[in-house]
Amino acid sequence: MSGSRRIGRSWRSDDSLLLMSDGRQGDRDAYGDSFRVFAFAWACMHMIELLAWPFWMLAPWGWLVFLSCCSVVLRPGSVRRLALLVVASLVKTFAEMPFVPNHVLLTWLQNGVIIGTFCVLSVGRRASIDGGNWVAGFAPLLRAQVVTLYLSSVIQKLNWDYLDPAVSCAVGSYRQIASDLRFLPAGEWVAYPAIYGSL
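An account of the accompanying structure is given in this report. These numbers come from a predicted model, not from an experiment.

### Digging into the overall build of the protein chain
Part 1 of the reasoning: Helices and strands together make up the secondary structure of the protein chain, namely 8 helices and 0 strands.
Part 2 of the reasoning: Taken from the N to the C terminus, the helices and strands of the protein chain come in the order α-α-α-α-α-α-α-α.
Part 3 of the reasoning: The 199 residues of the protein chain split such that 33% are buried.
Part 4 of the reasoning: Expressed as a percentage of contacts within the protein chain between residues at least 6 apart in sequence, the contacts between residues at least 24 apart total 62%.
Part 5 of the reasoning: Carbon and sulfur atoms make up 66% of the accessible area of the protein chain, which totals about 12,700 Å².

Next comes the structure, spelled out in structure tokens:
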């Protein structure tokens, strides 16, 4: 009977921080794969942000974010590595305030939700927080944040000046981008796609 269901506590360092398993095979949280996909995408997003603003190399917390990104990309199933990335990003953004763009501030708030969810799940739990439990906790909150941001952004753009190609900031922003990326189409006809596409 030693090979049958052996109930015991065992550590799983690959995709949990404090996960204790009862030894049953195939009992995977439905969100486990979603956590790996999210962690990989979150690390790539932070890496792209670093490439866009290279002055991060001047500060130690910038290097901490960079190394954390590399760590998560190499092992996206690790709760410990994603937690380190989230905390490093929070510290980096806080240290750079108030000189941070709006989208970076949004990422800071999202990282706060992610690590805050982890802390809430940790309170009073003897057993485990794995990637599936974690992403199931913060995913609805992140969705609500994104929807709220989108609605607030769209509502403030619903005015005649934004929809007017002659004065719309969407057209000006697109032309500035197109001047750097020469493969993008140019001409008067792109005004309306730039305006309504940004909505």
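### Re helix α2 (residues 60-74)
Since the α-helix packs 3.6 residues into each turn, any two residues three or four apart lie on the same face.
Part 1 of the reasoning: Between its first and last C-alpha atoms α2 spans 21 Å; for 15 residues at 1.5 Å apiece the expected length is 21 Å, and the two agree.
Part 2 of the reasoning: Three or more residues of α2 are buried, namely G62, V65, S68, C69 and V72. The buried residues of α2 occupy an angular sector of 125 degrees when projected down its axis, which confines them to one face. Pointing more than 90 degrees away from the buried face of α2 are the exposed residues P60, L67 and L74.

### Notes on the packing of helix α4 (residues 102-122) against helix α5 (residues 131-157)
Part 1 of the reasoning: Where α4 meets α5, the closest approach of the two axes is 9 Å, and the angle between their N-to-C directions is 150 degrees. With respect to each other, α4 and α5 are oriented roughly antiparallel. The hand of the α4/α5 crossing is right-handed. Between α4, through L106, L109, Q110, V113, I114, T117, F118 and L121, and α5, the contact on the second element is made entirely by N133, W134, G137, F138, L141, L142, Q145, V146 and L149.
Part 2 of the reasoning: For the contact of α4 with α5, the per-class residue count stands at 12 nonpolar, 5 polar and no charged.

Parameters and conventions
- Residues numbered from 1 in each chain as written.
- Predicted model: local features only at pLDDT ≥ 70, side-chain atom pairs only at ≥ 80, totals over all residues.
- Heavy atoms only, no water.
- Helix = DSSP H or I, 4+ residues; strand = E, 2+ residues; numbered from the N terminus.
- Buried < 20%, exposed > 50% of the residue type's maximum accessible area, 1.4 Å probe, protein only.
- Contact = heavy atoms within 4.5 Å.
- Areas by Shrake-Rupley, 256 points an atom, 1.4 Å probe, with all protein chains shown as cover.
- Expected span 1.5 Å × (residues − 1).
- Arc of directions from axis to C-beta.
- Axes fitted to C-alpha atoms, helices over the stretch in contact; angles between N-to-C directions.
- Parallel < 35°, antiparallel > 145°, perpendicular 65-115°, else oblique.
- Left-handed = near helix turned anticlockwise from the far one by under 90°.
- Nonpolar A, V, L, I, M, F, W, Y, C, P; charged D, E, K, R; others polar.

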